Structure formats: structure tokens, C-alpha cells
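Descriptive analysis of the structure
One-letter residues, chain by chain:
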Amino acid sequence: MSLLSALVPLALLGAIIGLDVVSFPQAMWSRPIVGATLGGALVGRPDAGLVAGIVLELLAMDTLPVGASRYPDWGIAGVIGGAIHAAHPSHPSGALAVSILAALATAWAGGWSMYALRRMNGAWHTASMPDLDAGSRDAVMGLQLRGLGADLVRGALVTVLALAVFDTLATVALDRWSLGPTMTNTGIVVIAAGTASAAAWTLTHATARTRWYAFSGVALGVAIMVLQ
Amino acid sequence: MTAPAAMPLRIQLAVFTRLLAIQGSWNYETLVGNGIAFAMEPALRLLPEGRGGRPYREALARQSRYFNAHPYLAAVAVGALARAELDGVPAAQIERFRTALPGPLGSVGDRLVWAGWLPVSSFLALLAFGLGAGPWATVLLFLVLYNAGHIALRGWGLWVGWSRGMRVAPALGTPILRQGPQYIARAVSLFGGMAIPLAVARLLRPGRERLLQLSRTSSDPMFSGTVRDLVVPVALVAAVVVAIVLVRLHGRVAGWRIALGALVVLALFSVVA
């Protein structure tokens, strides 16, 4: 299925999700677990979207949206990854790999677009300085609304561009994909799980007794896995 | 002039809604400064002479300058600074207070939310996925859980800021903010430890099922039951090795960048070979 037939709803989803990353309302529907599931749902397969979303969520654990730091745009990445994975049900060998690759490239490009938007907000702010210093309500409101509007447009543009590039590339790559699903998917999942584990360790190791909680958690998880 | 003890409901709702968009014009020059003025503006209309009056314009100009805080805990600053403006606190004192606030509001918020509540919510959603939850159950669990904390924190921040005004600092020493991150860190460890193996097992199930199909039609030992049963344990051990390498690298390389590089190589190999 070509994703271009779902371009408008996906672009709208990308815009709304892109806005949530920083500007409004940071309710974390921009996390890949949400964005990818919704992206998959718009293509008719939310379950496939969720699988891509889980892998991306594991990878996103080590980049937290802390203030002035530059971080990838995981929201739009989730939409792209979920939609591409959902659109290629007949290619179990490479669909996950290709969708995650497209999502990671989008996350990287989306991060740069956020940086550009912040610079643009800064330029608008500098231009409004005399009015702001005079306590102009219009200047305060104008800056805020302009920033929000620009972020909404940014989300839609990044989504459309990513779909235009990666939908075609994914189809071409999947037609020639030669590796089996076990090897491909295991490789991706290993890196994703390793990244999330390292992130959890980094976030928690300074707190007393967390390693015992981690070991207990792993033991419980493995026990449930064996029982399943 | 003294501000009313409780912020009028209409103003509260307007300020709270605007708090959700506090980072709408985030930039490297003033960070969240303009957002503070934007969120506080409905409350400043209560100043003498009302909207457009001299006190209103002076306060708005003061509050639109540089400010840094965690976006959720910026609610504390908005409440406290609005209260100070309405109480008629001298401008120089408000400026000093405004300069002192960002440090604690940033560090506490980052530890409590970005390094605590967000990973806990994510790991609980991953755990639900690993236990077999469907797409909507997984997504709803994450959104409801995360936003219960998110909305509560913003609401509490606005309330405590407004009710304490310039004396808000002791409220930031409340046990939830002081010890909460430690408890949440333990929850991250516990749920992360549980969720990762279960999520890995479910993610690799299609591959194992494919091996099961192949083992029925092929005599190749590569597709035997032993190999099939080893996929998840081998993946988990390999994930631990990747995690150790990443921890040793100590943040010099992000995991997602390694994944991007590895996938480019994998895709080229698979497509060209």
C-alpha cells in the first residue's frame, strides 16, 4: 500500500504530534509508542504500528527532552515508523528494519528542524524587543501564537517530506531485501533493548538500592516469560 | 494592593490552559521567558487600571524577560510571580526572586519528570505490551498514567505558587519533590527490569514462529527447536552486552545513533548482497 494515499491524515497527525514535543501541551502523545500506533492505525494496522512504536520507545529512552539540549523528534519519527511498518505486511523480513531506519532518520532531521524553529523564535523575539520592553500584550501574544503556528507547520512539513522520501525508498529496499526476519529483527531488538537498559541504568544508578530493584525486576520478567 | 487569597476560577482556568503552551515561543535567547508572561497575563489584568494600564504593562515587560524552568514546574513560578505582582511587591524584589527561581524549578522537574515519571510510564506501557496488551490498551495505559502525574503537577504548581507567593521556596522542599525522585528511580529499575525481557520476547515472537514453520518443512539444523528456543535468551544476553558497552561509553554515543548506523549497514548488506 502506498502511504501517499493517506498523506493528508498522516500530515495532520504529524503536525499535532510534532506540536506536543515541546510547544503544546507536552502530554507525551509525541512519544513513539503513541505516534507509531496512531500512524499504523491511519494505515489500517495499529498493531503493526505498535510494534514499531515499542522498538522506537526503547531507543528513545536515552534522549530525554531536557530544556536547551538538542534531541531527536521522536513524535514524528513514531508516525513515520508506524505508518511504514503497517504499510508493508507482506514483507516480514525487512519491514521492521526499514521502518525503524526511516523513523531514526526522521527523528534526526526533526531534531534539526526544532533547532531551526528555536532560532527563528529567537529572531522574532529580538525583533519584538522594543514592544516587549514597553509591556505590549500584542507582542507577547503574537510571539507565542507565531511560535505555536510555526511548530504546527514544521510538524506537517517534516512528516510530508519524510513520507515522500521514505515511502519510495522503503518499497525499493523491501523488493530487494535478502536477509531473513529472525536475524534482521533480532538485531534491531537487541540494540533497542540494550539502549533502554543502559538508559535505565544511567537514570537510576545514583540512587541507593536501585540495582536490587533492577535485578528483582529482571528475575520477575524472565520468570513470567518462561511461564508464558 | 493585596491579591485575593484564591485566584478567581475564571483566571485560574485561563492561566492553566496557557500553561500548557508555555513553551510555544521557546528560543535560545530568553528560553521560556515569553511563555511566563503569556501564561500570567490573565492574572495581571487584575492589577490596578486593568489591562493596558501602567502597572499591567510594567509587569508584562518584566515577566517576558529570560526565564528557565522545567515546563511543568514553571507553574510554580507563574503562580508565585503573579501573586507578587498583584501584592504590589517592589519591582527590584520581584526581579531578585525571578532570578533565584529557575535553578530549583529546573533541576527538580528534570529529575522528577524527565528522568522519573516519563520512564516509569513508558516501562509500564512496555510491560503491558510484553504481557500481551493490544495497541489501544498499551497506548491508553501510557497516556492516562503519564498525564495523571503531569496534570496534577501543573495544577499543584499553580496552586502552591499562588497561595505562597514570594514564600514559595519551602514548598519546593516538600517530601514529594525531595524524595519522590528516589522512589520513582526504584520503580524505573523494577519495571524496566520486568518490561525489557517481556517486550523483547513478544517482539521476537514472529521470528520464532517463522523458525517453527521452517523447522516443519526443512531438515536444516539451523531451524531446529533448539535454535528457535535460543532466540530470545541470546537476544537478551546480547542486549545486556550492548547496554554495558553504552554505559561504558558514558553518553559519548547515543544508542539511537548506533542503531541508525547499524541499520544503514544492515539495509545496504541486505539489499546489495
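Residues numbered from 1 in each chain as written. Chains lettered and ligands numbered in written order. Predicted model: local features only at pLDDT ≥ 70, side-chain atom pairs only at ≥ 80, totals over all residues. Heavy atoms only, no water.

A short note on the packing of helix H5 (residues 95-127) of chain A against helix H7 (residues 137-176) of chain A
Each pair of packed helices can be described by the angle between their axes along with the distance between the axes. Residue and element names in this part refer to chain A. For the pair H5 and H7, interaxial distance at closest approach is 9 Å and the crossing angle is 155°. Classed by the angle they form, the pair H5 and H7 counts as roughly antiparallel. In this structure, H5 meets H7 at a crossing whose hand is right-handed. In terms of residue class, the contact of H5 with H7 is built from 16 nonpolar, six polar and three charged. (Axes fitted to C-alpha atoms, helices over the stretch in contact; angles between N-to-C directions. Helix = DSSP H or I, 4+ residues; strand = E, 2+ residues; numbered from the N terminus. Parallel < 35°, antiparallel > 145°, perpendicular 65-115°, else oblique. Left-handed = near helix turned anticlockwise from the far one by under 90°. Nonpolar A, V, L, I, M, F, W, Y, C, P; charged D, E, K, R; others polar.)

Brief notes about the interface of chain A and chain B
With 96 residues of chain A in contact, the opposing surface of chain B contributes 94 residues. For the pair chain A and chain B, the two sides together bury roughly 8100 Å², of which 75% comes from carbon and sulfur. The interface formed by chain A and chain B includes one salt bridge. Arg137 of chain A is the salt-bridge partner of Glu41 of chain B, the closest N and O atoms lying 2.9 Å from each other. Counting residues per element, the side of chain A that touches chain B draws most heavily on helix H8 (residues 181-204) of chain A, which supplies 19 residues. (Contact = heavy atoms within 4.5 Å. Buried area = accessible area lost by both parts, 1.4 Å probe. Salt bridge = Lys/Arg side-chain N within 4 Å of Asp/Glu carboxyl O.)

Some thoughts on the pattern of salt bridges
Under the defined criterion, the tally for this structure stands at ten salt bridges over all chains. When the shortest N-O distance is used, the salt bridge between Arg154 of chain A and Asp151 of chain A registers 2.7 Å. One end of the pair, Arg154 of chain A, and the other, Asp151 of chain A, are both in helix H7, three residues apart, so they sit about a helical turn from each other. Owing to a relative accessible area of 7%, Arg154 of chain A belongs among the buried residues under this scheme. Where Arg54 of chain B meets Glu58 of chain B, a salt bridge forms, and the shortest distance between an N and an O atom there is 2.7 Å. Of the two residues, Arg54 of chain B and Glu58 of chain B are both situated in helix H3 (residues 54-63); the distance of four residues between them amounts to about one turn of the helix. (Buried < 20%, exposed > 50% of the residue type's maximum accessible area, 1.4 Å probe, protein only.)

Things to note about the nonpolar core
Ranked by internal contacts, the top residues of the largest apolar core, which has 150 residues, are Leu59, Ile100 and Leu104 of chain A together with Ile36 of chain B. At 14 residues, helix H6 (residues 102-130) of chain B tops the list of elements feeding residues into this core. Leave out the neighbours within four places in its chain, and Ile36 of chain B touches Ile22, Gln63, Phe67, Ala74, Ala77, Val78, Leu81 and Arg98 of chain B. (Core = buried A, V, L, I, M, F, W, Y, C linked by side-chain atoms within 4.5 Å.)

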